[in-house]
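Spelled out from the first residue to the last, the chains are:
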Amino acid sequence: MEANSDVIIIGGGLAGLTAAIHLSKSGLKVILIEKNEYPKHKVCGEYISNEVLPYLEALELKISDLKPSKINNLEFSDANGKIISTQLPLGGFGISRFVLDHYLFEKAKENGCQILQDSAIDIQFIDDEFTISTSNNFKLKSKIVLAAFGKRSNLDQKLNRDFIQKKSYWLAVKAHYSGEFKNDRVALHNFEGGYCGVSTVENNIINICYLVNYNTFKKHNTIEELQSKIMYKNPNLKAIFENSKLLFDKPLTISQISFEKKTAVENHILMIGDTAGLIHPLCGNGMAMAIHSAKIASELCIDFLENKFNSRIEMEEKYRREWNFNFKNRFLTGRILSRILKNDKLTAVLMQLLILFPFILPKIIQKTHGKPIILKL
């Protein structure tokens, strides 16, 4: 079966759904390919910076209707539990991917976007047109393809992307809990071999999501053993886990998480969200960046289809520039922080500096966050 559209989006996560809403709201014919059904839990920190709110409101997305938690403060501790706190410059909100993605999915459908539950297995670009083949034998054609298929996909192999050839050493674990945790804060607690984010989402649910390297994880038989023998050495994490009740049957996990550099354009495909680059979760801003990248790509797609560029190459080059301008320094800050936190001595020095000069921490946060995002009119 064949179908044509103006834009095909591969992947229905946060970036893909946001782009689908933006583009379909602009009157374009959009097909979004997503293999999973909604709603669905995902491994994610589930904290979003308020920088995206003006843009979401311009798309007529009423996030407040989802009753997110309002987050204004950050707690940060080293592996021994020494803790410091600060206000977040812009603040943010906590919302589960289970609720948010399903809400965006329904909005995309309302806008006329066609959602195809399927998997893209091949992408060809011939004579200035894309042809997407799916596992259910669809042949889809379009002028533009946005890739929003996440952290790692078989399509990365098909496109022979550089990062996919390199071994990854990280595992992520996430679950929801009931218990007591202040709604107005997000916590980042370090432990040997990783770091853990804690915040609330809607309905006072506590989201705990942590990243651990394989060398630490493989020393223990279970997630529970890792938590009790390694993570509990940080008394802040010990108190949180011991006073919380797991709401999932078991925690969700994803492996082979890569923080290697990725390219924003591959074979004329515009990469958005984690497909374009994955920032360390310790920066707490991956969801906002995914939304922002969808905005940038969507605006350029509209301009391209309205013949405002002299060529496709010109449009692609502008996307690269926009992506680097908005995100390159954030990724650099994330990599630097990750290297520091993996070294106990450097972490101790950083903590001393932050204790002596507390104004430094908000400045570090600003380096990984952006200004409020406004929709281009």
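The rules behind the values
Residues numbered from 1 in each chain as written. Predicted model: local features only at pLDDT ≥ 70, side-chain atom pairs only at ≥ 80, totals over all residues. Heavy atoms only, no water. Buried < 20%, exposed > 50% of the residue type's maximum accessible area, 1.4 Å probe, protein only. Helix = DSSP H or I, 4+ residues; strand = E, 2+ residues; numbered from the N terminus. Pairing = 2+ DSSP bridges. Expected span 1.5 Å × (residues − 1). Salt bridge = Lys/Arg side-chain N within 4 Å of Asp/Glu carboxyl O. Contact = heavy atoms within 4.5 Å. Phe/Tyr/Trp six-rings, centres within 6.5 Å; stacked < 30°, edge-to-face > 60°. Lys NZ or Arg CZ within 6 Å of the ring centre and 35° of its normal. Core = buried A, V, L, I, M, F, W, Y, C linked by side-chain atoms within 4.5 Å. Axes fitted to C-alpha atoms, helices over the stretch in contact; angles between N-to-C directions. Left-handed = near helix turned anticlockwise from the far one by under 90°. Nonpolar A, V, L, I, M, F, W, Y, C, P; charged D, E, K, R; others polar. Patch = residues over 30% accessible without salt bridge, like charges linked within 9 Å, V, L, I, M, F, W, Y side chains within 5 Å. Areas by Shrake-Rupley, 256 points an atom, 1.4 Å probe, with all protein chains shown as cover.

A few words on the pairing of strand S8 (residues 129–134). Most of S8 sits out of view: five of its six residues are buried. Bridging between strand S7 (residues 120–126) and S8 involves six bridges; their strand directions are antiparallel. Each residue of the ladder has a partner; that of isoleucine 126, found in S8, is glutamate 129. In this sheet, strand S9 (residues 139–147) lies alongside S8 in antiparallel orientation, the contact comprising four bridges. Residue isoleucine 132 lies in a different strand from S9, and its bridge partner there is leucine 140. As consecutive antiparallel partners, S8 and S9 are separated by four residues, and within that stretch asparagine 137 has a phi angle of approximately 65 degrees, a positive value.

Of all eight residues that make up strand S13 (residues 206–213), eight are buried, and the element is covered over most of its length. What you see with S13 is no split at all: Ile206, Ile208, Tyr210 and Val212 on one side and Asn207, Cys209, Leu211 and Asn213 on the other are buried throughout. Bridging between strand S10 (residues 170–179) and S13 involves eight bridges; their strand directions are antiparallel. When the sheet's bridge partners are listed, alanine 175 is paired in S13 with isoleucine 208. A loop of five residues connects strand S12 (residues 194–200) with S13, the two strands running antiparallel in sequence, and asparagine 203 in this loop sits at a positive phi of about 65 degrees.

When the terminal C-alpha atoms of helix H8 (residues 286–305) are compared, their 29 Å separation across 20 residues agrees well with the 28 Å that a helix rising 1.5 Å per residue should span. Directly beyond the C-terminal end of H8, a positive phi value near 60 degrees is found at asparagine 307.

One pass over the full model with this rule turns up 21 salt bridges. Put simply, lysine 42 and aspartate 101 hold a salt bridge, and the shortest N to O gap is 3.5 Å. You can see lysine 42 sitting in the loop between strand S2 (30–34) and strand S3 (47–49) and its partner aspartate 101 sitting in helix H3 (residues 97–110), a full 59 residues away along the chain. Looking at aspartate 101, the relative accessible area reads 2%, which means it is buried. For the salt bridge of aspartate 156 with arginine 161, the shortest nitrogen-to-oxygen distance reads 2.9 Å. Across this residue pair, the class does not change: aspartate 156 and arginine 161 are buried. Here the salt bridges do not stand alone but share partners, grouping Lys42, Arg97 and Asp101 into one network.

You can see isoleucine 269 is positioned in strand S17 (residues 269–271). Isoleucine 269 sits 260 residues away from isoleucine 9 along the chain, and the two C-alpha atoms are 10.0 Å apart. In this structure isoleucine 269 touches Ile123, Phe130, Val145, Leu146, Ala147, Leu159 and Ala264, once residues within four positions along its chain are discounted.

A few words on the packing of aromatic side chains. Tallied over the full model, the rule gives nine aromatic pairs. An angle of 45 degrees between the planes, with centres 6.3 Å apart, marks the rings of tryptophan 170 and tyrosine 195 as tilted. Residue tryptophan 170 is found in strand S10, and its partner tyrosine 195 is found in strand S12; the two are separated by 25 residues along the sequence. Residue tryptophan 170 shares its accessibility class with tyrosine 195, and that shared class is buried. Relative to phenylalanine 327, the ring of tryptophan 323 lies with its centre 5.3 Å away and its plane at 70 degrees, an arrangement referred to as edge-to-face. Residue tryptophan 323 and its partner phenylalanine 327 are located together in helix H9 (residues 312–341), separated by four residues, close to a single helical turn. Classification of tryptophan 323 by relative accessible area gives buried; the value is 9%. Relative accessible area serves as the criterion here: at 1%, phenylalanine 327 is assigned to the buried category. The ring centre of phenylalanine 163 lies 4.4 Å from the NZ or CZ of lysine 262, which sits over that ring.

Within the largest apolar cluster, 77 residues are counted, with the highest numbers of intra-cluster contacts made by Ile9, Ile10, Leu146 and Tyr319. Take this core: its biggest share by element is 12 residues, from H8. Ignoring sequence-local partners within four residues, the contact set of isoleucine 10 consists of Ile33, Ala120, Ile123, Ile132, Val145, Leu146, Ala147, Ala148, Phe149 and Leu155. Counting 25 residues, the second-largest nonpolar core is a separate cluster that includes Tyr47, Ile84, Leu188 and Tyr195.

Let us look at the side chain of serine 168. Here serine 168 lies in the loop between helix H4 (154–158) and S10. Setting aside anything within four residues of it in sequence, one finds serine 168 in contact with Arg152, Tyr214, Gln256, Ile257 and Ser258.

Moving on, we come to the packing of helix H1 (residues 14–25) against H8. Two elements in contact, H1 and H8, have axes separated by 8 Å at closest approach and are oriented at 35 degrees. The interaxial crossing formed by H1 with H8 has right-handed handedness. Each of Leu14, Ala15, Thr18, Ala19, His22 and Leu23 in H1 lies in contact with H8, whose residues at this interface are Met287, Ala290, Ile291, Ser293, Ala294, Lys295, Ser298, Glu299, Cys301 and Ile302. By residue class, the composition of the contact of H1 with H8 is 10 nonpolar, four polar and two charged.

So, on to a nonpolar patch on the surface. Nonpolar side chains collect at one region of the surface, where Val349, Leu353, Leu356, Phe357 and Phe359 lie side by side and expose about 490 Å² of accessible area between them. Relative to the helices and strands, valine 349 is located in helix H10 (residues 344–356).

The quantities given are spatial measurements derived from coordinates; they are silent on function.
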